[in-house]
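The primary structure of each chain is shown beneath.
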Amino acid sequence: MTITALTGISQLVTNDPGVETPAAGHHAPLGVITDAAVVFDDTRVLWRGPERELPEGFADAVVDVGGRSVMPGFVDSHAHLAFAGDRADEFAARMAGQSYSAGGIRSTVANTRAASDEQLAANVRRLRDEALAQGTTTLESKSGYGLSVLDERRSLEVIGRFTAESTFLGAHVVPPEFADRPDDYVSLVAGEMLDACAPHAKWIDVFCDRGAFDVDAARTILTAGIAAGLAPRIHAGQLEQGGGIQLAVELGAASADHVTYASDADIEALASSSTVATLLPGAEFSTRARYPDARRFLDAGVTVALAADCNPGSSYTTSIPFCIAVAVRDMLMTPGEAVWAATAGGAAALRRTDVGSLRVGAAPDLLVLDAPSYLHLAYRPGVPLVRSVWRGGAVVSSRAS
Ligand code: NIG
Ligand code: FE
């Protein structure tokens, strides 16, 4: 086992509340250390601090990053990667004035059902690799384009080859064969489909919104999922205000996602709970919809996460740097708040304490940015600033020559 030290770090984002005097002028929760070093082995961070305090002879290998910044890998807590085909034409129609509706999901369902397991796996692998190259070191993925017992189960089996953060989303929309008996579909999801899928998933999710499932159906499905050992999360408030956010709080969900339409009571409920609000600006960008009001959540003390929501319908991006730039420019988040939300916030949305920070003992998942500061993630939009990605003590993705 090699012990590696990264030195020559202009700014180290630790997200460590234990960093006693974070560098002045930065969002305090980022725990920024300037002129820093970080030491890790293949499983955990061993030391971080000012480079001048680095104990001599501690590391077997020293890598000087040359005045670049280093930060925790992104934790992307919301993606839908088990699908086939794309919906570029639907996107083009939206950009020509049509509005987004949940019904588009059904066209991806037809393609997904027709795909082999290996085709689905190739798609998940391709998008996972794309995300990793852009700095995502922990990635959740949902099922939800199979919508039959067999196709949901095999979607989750495929997802499980790539991530432990797998989510059963049988309740994405009502599939066409149940169009005239939606209650029977809810019973199927909460019954036979859940039984088949629960062994292959960690989480259960419901799309609780216009054109998908109402609060009563969501409560039935999530409650059954909890009884089957899954932990709840929800899609709520993407298209209209409803009871989904308060249901998430009532059930102790790890996160309520989208939350573009949220009442004051929704925000109060979130603020007095451990449920994270996960904002997905890629979806508003790609559906040309209004952005969630991030300031309302932050100012009320809600824990906010940012995620990419990669899916072929509403947000076909794996890029967290893109989401950070949009959240800063158009959702009035500060760069520091956005970077925290995409790392520590994502970890909170997945109830993970081992990722999303570089405190001593955390997983050594970290990024070297081709920039002197994390601020550049928002300041230089569209520029591929993630130079190298470290996981398990080794570089797993690199743009460096
Ligand atoms: O998170 N909102 C529901 N699910 C996805 C969209 C799925 C689709 O349009 O294919 C989302 O935005
Ligand atoms: Fe989603």
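We now examine the nonpolar core. Among the nonpolar cores identified, the biggest contains 98 residues, and Phe168, Leu306 and Ile324 are the most heavily contacted of them. Of all the elements, helix H5 (residues 182-197) adds the most residues to this core, at eight residues. Counting the residues that make up this core, at least three belong to each of domain 1 (4-73 + 357-398) and domain 2 (75-349).

This part covers the pairing of strand S8 (residues 166-171). Most of S8 is tucked away, with six of its six residues classed as buried. Relative to S8, strand S7 (residues 141-142) is paired through two bridges, and the arrangement is parallel. Of the residues in S8, the one forming a bridge with Ser141 is Ser166. On the question of chirality, the crossover connecting S7 to the parallel S8 by way of helix H4 (residues 149-160) is right-handed. Here S8 pairs with strand S9 (residues 203-208) via three bridges, running parallel. Bridge pairing links Thr167 to Trp203 in S9.

Segmenting the protein into domains produces domain 1 (4-73 + 357-398) and domain 2 (75-349). Each of domain 1 and domain 2 has a C-alpha centre, and these two points are 30 Å apart. Contact residues are listed per partner, giving 19 residues for domain 1 and 18 residues for domain 2. Of the roughly 1500 Å² buried between domain 1 and domain 2, counting both surfaces, carbon and sulfur atoms make up 72%. Among the residues of domain 1 in contact with domain 2, Gly73, Leu377 and Ala378 are the three that bury the most area, contributing 28% of the side total. For the interface between domain 1 and domain 2, the tally reads zero salt bridges. For the interface between domain 1 and domain 2, the tally reads two residue pairs in polar contact (both at pLDDT 80 or more).

Moving on to the coordination of the iron ion (ligand 2). Surrounding the iron ion (ligand 2) are the protein donor atoms His78 (NE2), His80 (NE2), His235 (NE2) and Asp309 (OD), which sit 2.0 to 2.7 Å from the metal. Classification of His78 by relative accessible area gives buried; the value is 0%. Overall, His80 belongs to the buried group, its relative accessible area being 3%.

Near ligand 1 lie 15 residues; those nearest to it are Arg87, Tyr100, Tyr145, Gln238 and Ser314. His172 places a side-chain nitrogen or oxygen 2.8 Å from a nitrogen atom of ligand 1. Burial of ligand 1 by the protein amounts to 100% of the accessible area it has alone, namely 330 Å². Partitioning the shell around ligand 1 into residue classes produces four nonpolar, nine polar and two charged.

Reading guide: rules and limits
Residues numbered from 1 in each chain as written. Chains lettered and ligands numbered in written order. Predicted model: local features only at pLDDT ≥ 70, side-chain atom pairs only at ≥ 80, totals over all residues. Heavy atoms only, no water. Core = buried A, V, L, I, M, F, W, Y, C linked by side-chain atoms within 4.5 Å. Buried < 20%, exposed > 50% of the residue type's maximum accessible area, 1.4 Å probe, protein only. Helix = DSSP H or I, 4+ residues; strand = E, 2+ residues; numbered from the N terminus. Domains from an automatic or database assignment. Pairing = 2+ DSSP bridges. Right-handed = clockwise from strand over helix to strand, strands pointing away. Contact = heavy atoms within 4.5 Å. Buried area = accessible area lost by both parts, 1.4 Å probe. Salt bridge = Lys/Arg side-chain N within 4 Å of Asp/Glu carboxyl O. Polar contact = N/O pair within 3.5 Å; in protein donor to acceptor, adjacent residues only side chain to side chain. Donors = N, O, S within 2.8 Å, 3.2 Å for Na, K, Ca; no water. Near = heavy atom within 4 Å. Areas by Shrake-Rupley, 256 points an atom, 1.4 Å probe, with all protein chains shown as cover. Nonpolar A, V, L, I, M, F, W, Y, C, P; charged D, E, K, R; others polar.

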